[in-house]
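An overview of the molecular structure
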Amino acid sequence: MSASSTATALAQGLTIPVGPGVGAALGAAGGLGLALIARHLLARRPRLDERVAPYLRAPARGAGRAAVADHHGPVATIERLLAPVMADAVRWVERLSSPTAELQRRLVRAGGRTTVERFRVEQVLFAVLGTAAGLALALLLVAGRDAGLAAALIMVLSGALAGLVLRDQLLSRRLVTREREILTELPTLAEMLALGVGAGEGIRASLDRVATLSSGPLSEELRTLVSATHAGVPLTEALERLADRTGVPELARFAEAISVAVERGTPLAEVLRAQSQDVREAGRRALMETGGRKEVAMMVPVVFLILPVTVVFAVFPGLWALRLDL
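The structure displayed is predicted, hence computed values, not measured ones.

Looking at the overall build of the chain
Counting secondary structure elements, the chain contains 13 helices and zero strands. Going from the N terminus to the C terminus, the chain shows its helices and strands as α-α-α-α-α-α-α-α-α-α-α-α-α. Burial status across the chain gives 26% buried among its 326 residues. Nonlocal contacts in the chain, meaning residues at least 24 apart in sequence, comprise 58% of its contacts between residues at least 6 apart. Counting only carbon and sulfur atoms, one obtains 66% of the accessible surface of the chain, whose full area is about 22,500 Å².

Encoded structure:
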């Protein structure tokens, strides 16, 4: 049918026949449009947890929209698909790794920024990466006919175990580094507390001031302690929690000295200065011990590498001269 005949038919009020395929396409397009409109309206409608969340916590600006985007994004879909496999892998890692209670204590001592579940997932990821590395190495050796099937299997298992051990060692290194930083901060913060108490402030006000003005791992622990005291926890109990949470012996003695001084009415300024001096002396002794161990370690290359070469250079010319004389 031409355009002129179509226009004539419309002018005369006649209907144009439409095929079944065109009608189905128009119906599908209309249904798709209605579905998109409904989805848009439902997406704009806030959910119950989004309406209640601002009254329960104070999220960062844009956090709610980011969470919604992550919840409906492709990454969330992949996480939901891999959730059963990841759960089984986490349970398998729990059997091979340290107990949950011990791991929780180590995570708290390391800063408490990572939960046990997240750490287990990271262990699984490290094990997967180690398995991939071991598999790649095994395939290279098998392709070059330098290793058999048993050796390749051992390489793959060794890569998985190496990944688990590596994540645990990284946690241990972070824990040791944090404890070292706490010991470095402790004398300075103790002297600052002594100055505040000596100036007439109470121990709670001094703790609050020092925690606000300073920065570092120990300052974070002091801020946690101050928050607990503001919530109604007694100071002695908050100090005990601080000692248990960090696991540093010097800090535990420092907290115990403050608790005893508060309970018995001992002058806090002198106690704080004495604790600061004790911590500095302990650090000096630890430094001397470390220097002694390094000195002994330096003797190994001297005795087994430099000294034999020196002896050879001193004795070999004489032996060569004797050989020539003979």
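Read on, since the account is not over.
Quick word on the side chain of R106
For R106, the position within the fold is in helix α6 (residues 100–109). Relative accessible area serves as the criterion here: at 11%, R106 is assigned to the buried category. Ignoring any residue separated from it by four or fewer positions in sequence, one finds R106 in contact with S98, D168, L171, S172 and L175.

Comments concerning helix α8 (residues 149–198)
In a regular helix each residue adds 1.5 Å, so 50 residues correspond to 74 Å; α8 covers 73 Å between its end C-alpha atoms and thus fits that length. Approximately 35° is the largest bend angle found in α8, and it occurs at L186, with the proline P187 only one to four residues beyond. Of the residues one or two after α8, G200 is the one with positive phi, at around 110°.

As for the nonpolar core
L207, L251 and F254 are the most contacted members of the largest nonpolar core, which has 34 residues in total. Of all the secondary-structure elements, those providing two or more residues to this core are α8, α9 (203–213), α10 (217–230), α11 (235–246), α12 (249–264) and α13 (268–325). Ignoring any residue separated from it by four or fewer positions in sequence, one finds L207 in contact with L193, L222, L225, V226 and L235. In terms of nonpolar packing, the next biggest core, distinct from the first, is built from seven residues, L107, A110, F119 and L175 among them.

A few points about α12
In a regular helix each residue adds 1.5 Å, so 16 residues correspond to 22 Å; α12 covers 22 Å between its end C-alpha atoms and thus fits that length. G265 occupies a position one or two residues after α12 and carries a positive phi of about 80°.

A look at the pattern of salt bridges
On inspection of all chains with the given rule, the structure shows twelve salt bridges. Salt-bridge contacts for R209 lead to E201; the nearest nitrogen and oxygen are separated by 2.8 Å. E281 is paired through a salt bridge with R284; the nearest N and O atoms lie 2.8 Å apart. Note that E281 and R284 are positioned in helix α13 at a spacing of three residues, about one turn of the helix. Connected through shared salt-bridge partners, R118, E122 and R167 make up one network.

The rules we used
- Residues numbered from 1 in each chain as written.
- Predicted model: local features only at pLDDT ≥ 70, side-chain atom pairs only at ≥ 80, totals over all residues.
- Heavy atoms only, no water.
- Helix = DSSP H or I, 4+ residues; strand = E, 2+ residues; numbered from the N terminus.
- Buried < 20%, exposed > 50% of the residue type's maximum accessible area, 1.4 Å probe, protein only.
- Contact = heavy atoms within 4.5 Å.
- Areas by Shrake-Rupley, 256 points an atom, 1.4 Å probe, with all protein chains shown as cover.
- Expected span 1.5 Å × (residues − 1).
- Bend = angle between axes of the 7 residues up to and from the residue.
- Core = buried A, V, L, I, M, F, W, Y, C linked by side-chain atoms within 4.5 Å.
- Salt bridge = Lys/Arg side-chain N within 4 Å of Asp/Glu carboxyl O.

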